[in-house]
Structure formats: C-alpha cells, structure tokens
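Commentary on secondary and tertiary structure
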Amino acid sequence: MKTDYTALVAYAETDISLLKKAFGTLFESKYGTSDEEIHFYAAPARINIIGEHIDYNGGKVFPAAIDKYIYLALRRRTDATVKYDDVRFPGEFSFSITDNFTYKKENDYCNYLNGILTILKDRGFTFETGFEALFFSCIPAGGGISSSSALECCFAYAVSDLYGLGIDGVEIAKIGQESEHRFMNVNCGIMDQFIIATAKKETAILLDCATLEYQYVPLKLGDYRFVVMNTNKKRQLSDSKYNERVSECKIGLGVINAKLTSLGKKTVPDLCSLSSQDFAELQDSVKDPIILKRIRHCVTENERVYKAVAALKAGALADLGVLMNASHDSLRNDYETTGIELDTLHEEANKTAGCLGSRVTGAGFGGCAIALIHKDGYNDFVKKVGAAYKDKIGYEATFFECGTGGGAHSI
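Residues numbered from 1 in each chain as written. Predicted model: local features only at pLDDT ≥ 70, side-chain atom pairs only at ≥ 80, totals over all residues. Heavy atoms only, no water.

1. Brief notes about the overall build of the protein chain
The number of helices and strands found in the protein chain is twelve helices and twelve strands. For 411 residues, the compact-globule estimate of 2.2 N^0.38 gives 22 Å, and the protein chain sits close to it at 22 Å. The buried share of the protein chain, reckoned over its 411 residues, is 57%. A separation of at least 24 residues holds for 71% of the contacts in the protein chain among residues at least 6 apart in sequence. Per element, the accessible surface of the protein chain, about 17100 Å² overall, is 48% carbon and sulfur. With 46 positive and 54 negative side-chain charges, the protein chain shows a spacing of 3 Å between the two charge centroids. (Helix = DSSP H or I, 4+ residues; strand = E, 2+ residues; numbered from the N terminus. Rg over C-alpha atoms; globule rule 2.2 N^0.38 Å. Buried < 20%, exposed > 50% of the residue type's maximum accessible area, 1.4 Å probe, protein only. Contact = heavy atoms within 4.5 Å. Areas by Shrake-Rupley, 256 points an atom, 1.4 Å probe, with all protein chains shown as cover. Lys, Arg positive; Asp, Glu negative; His and termini not counted. Charge placed at Lys NZ, Arg CZ, Asp CG, Glu CD.)

Set out below in structure tokens:
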C-alpha cells in the first residue's frame, strides 16, 4: 500500500478505510508506535454561493461545504510535548502544551493551531498531556475556498474530541474566528468557520452573521453543478486589502449613523441593516465616493442573498445564475476585490454554453471563482475557459467540479 501524498489523496476520493490505514501507517513511520490510539478527523473546504464581504457587516450569507477536505491524524502523548507535521509540506514543529503561545512568523501554519490552544486555555480548558498531529489536505492552499478555516475547525474539533471537551459546532466556529483575529491579525467574519464546523451534506446554510441564526436549505441543482475555478494567483488574506475593506465599512457605518442621529432616527448596528430604500435616502450624506461604493455593495449584496435562496427553493436556477453575475459585478465595481484574473474567469465562463452564471467566491484579490454549469458541459467548459485564461493571464487556472460536504467530523 502506497503512503505518499498522492496515494492519500487517491484514497480520500475512493475508500476512507484505505485512507485511514495508509494515513495511520504514515503517522507511525513519523512518530513511532504507542499504546495510545490514533484518531482521524476531517473538515471541508467551502464555497459561498452568494453573499460576499458582508459577513463582517452583519449580513446574510449562503455558503455550502464541498467534498474537498483537510485530514488530521492525532494521538495523545504521555508528556507535555506538542508536535505538528504535514505530509505534503514536511517539517516538524515542536512545542509544549504548557507554552504561552504568541504569533511568530517562523511557526507558519502552527500559529493558527497554537492560537486555538490559547483560546481553549483562556476558556478554562486544561490539557494534562500533549499530542502528535499529522495533516494532509486536498484543499488548494490560498485558493479562496477557506483552507485556513478548514485547518482551524478540523483541529479545534479534533482537540475537543480527543480531550473530551464537548465543544459544539457553533463554538468551534467562534474559536476559529477568534484565532484569526488574535493570532493572524485578520478581521474576518464568521461565515467560513461556521459553515465548515456545522455543514450537512446536500444542503447550503442561510446564515445571519449578526445573530448566528441559521437554516439549512436543500441544495438541489438537478442537471447543474458548481465548478470551482482557481486563478492560481498567490495571495495571503492577511497581506491583502481585506482589513482595509473592513475599515472602510466601519467608516461608512459611522457616517450613516451620524446622519441618522442628526435626523433624530435610530442608528443601525451594521450596514446590512439598511434596505435599498434606506440607502437611497441616506446616500447623499456619504461624500467619499469610495465609502459610498462600499456601502452600496453591502446593501445590494445582502438583498441578493434573500433572492438567491428564494430562487434555489423555487428551482429557478437561471435566476440564481443572474444573481451570481450581479454579485460579481458589485464586487468588481463597488467593492473592488476581483482583479484581472477573477474577472477573466467570470467573463469567459459566461461565454460558454451551459453556464448559468459565475462569481468570485471568498475574499477575492486572487483565489477562486465558481460557475454554475450543466453537468454535460464540464470538459468543454474547462477547455475553453482554461485556454482563454492562459492566453490572457499567461499561466494556467485549475478547475474541479464539486459536490456538497459534511462539516468537521471524526472518521
């Protein structure tokens, strides 16, 4: 039985029992044998069907987990040592469970994990022993389908299970988000962690990011499929203009509330509390054209989420495609998070027969887009869009069809 990265990916797609056997063999070749049991966990990537950059503005979002996973093998130790390693990018990191963790650039992805351990300690959980962890992922790193959130939620779920902490999915999502804020200095919303921690197969989630109220919506696409289109443009969320957009929206909210106060009206807690009518009445008070555009995106995108959910429930997939296109246009023109790579994928996708709509998914600034296409047109779609992209951008995009996935779980 092969136990290299390529073999593990193949087993993950075909036979979970073979995956566990091969992954366990690889784990023991790395860390040795022990009387302690090796436990196995997985967490999915996600796409956001619609509702981009409004999770941190109190909006509604409509994500779904997909069937691409990060995997973790985890085993208790008898001492306080903590060890991390990765199959595809080997290199052992060693700490003590008693450490007072802080962000250090040289600790790479371990910062996410140590951040979660710190948050758990702050919440009163204790760890009598350390552990050994080995990861491998089928999720493209930095591709805009939340590889970092999958890492966080997989690890938080696994630690909760291994040590019997009893943390539910919603709290796991909150812990993952807090790790991003405190350890990675990324002021992300809750959407990515929430869907990854709580997802169910064959559904998407309509999530109110202000209240965390949510409902599962059956994801019935008939003869259509979502295709993920990866620009392969290197990006890091913390190095992007993500935090700048968060700041601009805070400024916009301040301007709106100042105007409401001057009119003797009640202020709003976030931009997505505004309707299109509210925006029309208040927009003259926003003098900065950039801030005005940011507000307009939040208001219109939030309303598109409601319309998209209604379209999906009605089986009106063509209407969903129109809304996806409108979302991309808003992210390009008003929120300015797309760029030539994502715009090229969007434009070329919509030229292809059988495509109902497409849009950037995730933070943007590179990363991925999604397209809703007829299942029989996939090969032609990849050929035409891929060729046009390479001709214009100079390097290749990658594509994959995706089904739905389940949330963070043990295997």
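Next comes the rest of the description.
2. As for the packing of aromatic side chains
In this description, an aromatic ring pair is defined by two values, namely the gap between the centres and the angle between the planes. Within this structure, the stated rule accounts for 20 aromatic pairs. Between Tyr41 and Tyr157, the aromatic rings sit 6.1 Å apart at their centres with planes inclined by 65°, giving edge-to-face as the arrangement. Linking Tyr41 in strand 1 (residues 39–50) with Tyr157 in helix 4 (residues 147–162), this pair joins segments that are 116 residues apart in sequence. Since its relative accessible area comes to 25%, Tyr157 is described here as partly exposed. Between Phe127 and Tyr163, the aromatic rings sit 5.0 Å apart at their centres with planes inclined by 90°, giving edge-to-face as the arrangement. Taken as a pair, Phe127 in the loop between helix 3 (110–122) and strand 5 (131–137) and Tyr163 in the loop between helix 4 and helix 5 (169–183) lie far apart in primary sequence, 36 residues in all. Just as Phe127 is buried, Tyr163 falls in that class too. In this structure an aromatic cluster arises from ring pairing among Tyr5, Phe23, Phe40, Tyr69, Tyr71 and Phe136. (Phe/Tyr/Trp six-rings, centres within 6.5 Å; stacked < 30°, edge-to-face > 60°.)

3. Examining the packing of helix 7 (residues 242–262) against helix 9 (residues 289–313)
Axis separation between helix 7 and helix 9 bottoms out at 9 Å; the angle between their running directions is 90°. As far as their axial angle goes, helix 9 and helix 7 are roughly perpendicular. Residues Arg245, Glu248, Cys249, Ile251, Gly252 and Ile256 of helix 7 form the contact with helix 9, whose own contacting residues are Ile290, Ile291, Arg294, Ile295 and Cys298. Residue composition of the contact of helix 7 with helix 9, grouped by class: seven nonpolar, one polar and three charged. (Axes fitted to C-alpha atoms, helices over the stretch in contact; angles between N-to-C directions. Parallel < 35°, antiparallel > 145°, perpendicular 65-115°, else oblique. Nonpolar A, V, L, I, M, F, W, Y, C, P; charged D, E, K, R; others polar.)

4. Looking at the sheet that holds strand 10 (residues 368–374)
Strands sit in the order 9-10-8-11 across an open sheet of four strands; the sheet is antiparallel. The open sheet is flanked by strand 9 (355–361) and strand 11 (398–402), the only strands paired with a single partner. Going across the sheet, the axis of each strand differs from the next one's by a mean of 25°, ignoring polarity. Across six bridges, the pairing between strand 9 and strand 10 is antiparallel. (Pairing = 2+ DSSP bridges.)

5. Side note on the side chain of Lys68
Among the structural elements, Lys68 can be located in strand 2 (residues 60–76). Aside from chain neighbours lying at most four places away, what touches Lys68 is Glu13, Ala43, Pro44, Ala45, Cys138, Ile139 and Phe400.

6. Section: helix 9
With 25 residues, helix 9 ought to run about 36 Å at 1.5 Å a step, and its terminal C-alpha atoms sit 36 Å apart, in line with that. Among the residues trailing helix 9, Gly315 stands out with phi positive, at a value near 75°. (Expected span 1.5 Å × (residues − 1).)

7. Regarding unusual backbone geometry
Unusually for a residue other than glycine, Asp108 sits at a positive phi of about 50°. Summarising the element assignment, Asp108 is placed in the loop between strand 4 (93–96) and helix 3. For Asn232, which is not a glycine, the phi torsion comes out positive at approximately 60°. Structurally, the position occupied by Asn232 is in the loop between strand 8 (224–230) and helix 7.

8. Points about the UniProt feature "site: Transition state stabilizer" (unreviewed entry) in the protein chain
According to UniProt, the positions carrying the feature "site: Transition state stabilizer" (unreviewed entry) are Arg46. Note on placement: Arg46 falls in strand 1. In terms of polar contacts, Arg46 uses its side chain to reach the side chain of Asp192, at 2.7 Å. (UniProt positions renumbered as here; feature names shortened; annotations may be inferred. Polar contact = N/O pair within 3.5 Å; in protein donor to acceptor, adjacent residues only side chain to side chain.)

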